[in-house]
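Read off the chains here:
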Amino acid sequence: MIDERVQLMANDAVADDFYLARWQAPHIAAQVEPGQFVNIEVAAGVAPLLRIPLSVCAADPQAGYIDVLYEDMGPKSQALSRLVPGVQTQCLGPLGRGFPPPAQGAGAILVGGGIGVPPMLYWGAVLRRCGVRVVLLVGARHRGKHLPDPLLAPAADTVRRATDDGSLGHAGLVTDLLRDELAEAGPHQVYCCGPHGMMQAVAALCREMEAPCQVSLEEYMACGIGICVGCAVELVGAEDDSDYSRYARICVDGPVFDARRVKWGH
Ligand SMILES: Cc1cc2nc3c(=O)[nH]c(=O)nc-3n(C[C@H](O)[C@H](O)[C@H](O)COP(=O)(O)OP(=O)(O)OC[C@H]3O[C@@H](n4cnc5c(N)ncnc54)[C@H](O)[C@@H]3O)c2cc1C
Ligand code: FES
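Here we summarise the structure given alongside this text. (Residues numbered from 1 in each chain as written. Chains lettered and ligands numbered in written order. Predicted model: local features only at pLDDT ≥ 70, side-chain atom pairs only at ≥ 80, totals over all residues. Heavy atoms only, no water.)

Lining the immediate surroundings of ligand 1 are 19 residues, of which Pro 53, Lys 76, Ser 77, Glu 218 and Tyr 220 lie closest. Within the backbone of Glu 71, an N or O atom sits 2.9 Å from an oxygen atom of ligand 1. The side chain of Tyr 220 places a nitrogen or oxygen atom 2.4 Å from an oxygen atom of ligand 1. About the coverage of ligand 1: the protein hides 78% of its 880 Å² of free accessible area. For the shell around ligand 1, the secondary structure elements donating two or more residues are strand E4 (52-60), strand E5 (65-71) and helix H2 (75-81). Sorting elements by how many residues they give to the shell around ligand 1 places E4 first, with 4 residues. The class makeup of the residues in the shell around ligand 1 is 12 nonpolar, 3 polar and 4 charged. When residues of the shell around ligand 1 are sorted by domain, at least three fall in each of domain 1 (2-95) and domain 3 (219-266). (Near = heavy atom within 4 Å. Polar contact = N/O pair within 3.5 Å; in protein donor to acceptor, adjacent residues only side chain to side chain. Areas by Shrake-Rupley, 256 points an atom, 1.4 Å probe, with all protein chains shown as cover. Helix = DSSP H or I, 4+ residues; strand = E, 2+ residues; numbered from the N terminus. Nonpolar A, V, L, I, M, F, W, Y, C, P; charged D, E, K, R; others polar. Domains from an automatic or database assignment.)

Listed below in structure tokens is the structure:
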């Protein structure tokens, strides 16, 4: 992990309120793995005070850059969307633990929703380079929130989309698509990142259909390095477990967890 001085190379709108930012960050690009994230300072003053945690969605160690994809939804992401190429800032990373590989011979089903899609793009591209067959299932509220084909295509052999309002792809939930995919023959490993309710539903479906599932929890964070305990998640455990063993810090113990270890239901 390094707090690197990074330079913004591009920061372009790619879908409704979604931006793709490329950073010259040679040290982080050389170390980062799929599923890990960075904590980027978006303003030199006191507001917004905290850095923004964002998953890395692509990295090129040779060219020395990393990409992040983010949705403008509040003070930090809005400040980031206003930065112009050439700006320099601090970027802490790579942080957290990334995705474990699938079992030998298993295909990968990546399920992403909203701001949970970016880590799937990096992981899908790396898995394909390793010869793993990848299906990417993406859910969004409506057509305008879906990322464009050129961003999704390198991450999967097959991409299937769902929208809540039926304006693109399957009209309904991304879990409908997942049920179809899991019904196909062959061993699968599911990876999921998205809104809490979506991940909970995916975890339940995988349990029902006996498919292994890893989830990436993108919860609220402060320090990002394990000190403040602001990102605690409750794990499944015995009633008499101490708080110390019942809770994990998403920023250092995750953000990727086996879905069966997470205590869902809130
Ligand atoms: C490990 C990790 C990886 C992440 N990767 C990405 C990414 O690749 N792309 C991306 O766009 N975002 C990602 N996020 C979420 C991103 O950090 C938050 O959206 C951002 O901090 C919001 O800050 P803000 O000041 O812009 O908005 P805020 O004012 O903090 O929030 C605006 C709205 O978003 C909601 N919100 C804020 N943070 C989260 C969150 N973590 N999960 C769900 N809802 C939230 C709030 O309830 C509020 O409604 C990630 C978060 C973590 C912890
Ligand atoms: S964000 Fe501070 S411990 Fe995880």
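Okay, back to it.
Let us look at the layout of surface pockets. When its volume is computed, the largest pocket comes out at roughly 1300 Å³. Forming the boundary of the largest pocket are 49 residues, of which Glu 71, Met 73, Ile 115, Pro 195 and Glu 218 lie nearest the centre. Elements with a minimum of two residues in the lining of the largest pocket: E4, E5, H2, helix H3 (117-129), strand E8 (134-140), strand E9 (158-163), helix H5 (174-183) and helix H6 (196-208). Per-class residue counts for the lining of the largest pocket are 28 nonpolar, 14 polar and 7 charged. Taken as a whole, the second largest pocket encloses approximately 290 Å³ of empty space. Contributing to the lining of the second largest pocket are 16 residues, with Cys 57, Ala 58, Leu 121, Ala 125 and Pro 154 lying nearest its centre. (1 Å grid on protein atoms, 1.4 Å probe; cavity = no way out; pocket = protein on both sides within 12 Å on 5 of 7 lines; lining within 4 Å. Points joined across faces, edges and corners; volume = space filled by probe spheres on them.)

Here Thr 163 is to be found in strand E9. Among the polar contacts made by the side chain of Thr 163, one reaches the main-chain carbonyl oxygen of Leu 168 at a distance of 2.7 Å.

Turning next to unusual backbone geometry. Here the amide bond leading from Gly 93 into Pro 94 is cis, since omega sits at -10°, within 30 degrees of zero. Of note, Pro 94 is situated in strand E6 (residues 88-95). We note that Asp 17 has phi near 65°; this positive angle belongs to a residue other than glycine. Secondary-structure assignment places Asp 17 in the loop between strand E1 (2-15) and strand E2 (18-24). Overall, Asp 17 belongs to the partly exposed group, its relative accessible area being 40%. Within the chain, Val 229 stands out as a residue other than glycine whose phi angle is a positive 60°. Position of Val 229 among the secondary structure elements: in the loop between strand E12 (213-216) and strand E13 (232-234). Look at Val 229 and you get partly exposed, because its relative accessible area is 49%. (Buried < 20%, exposed > 50% of the residue type's maximum accessible area, 1.4 Å probe, protein only.)

On to the pairing of strand E7 (residues 107-113). With 7 of 7 residues buried, E7 is to be regarded as a mostly interior element. Here E7 runs beside strand E11 (residues 188-193); their pairing, made up of 6 bridges, is parallel. Bridged to Gly 112 within E11 is Cys 193. Note that E7 and E8 share 6 bridges and pair parallel. In the sheet register, Ala 108 faces E8, and the bridge partner there is Val 134. Between the parallel elements E7 and E8, the chain passes through H3 in a crossover that is right-handed. (Pairing = 2+ DSSP bridges. Right-handed = clockwise from strand over helix to strand, strands pointing away.)

Distances and angles like these do not, on their own, reveal function.
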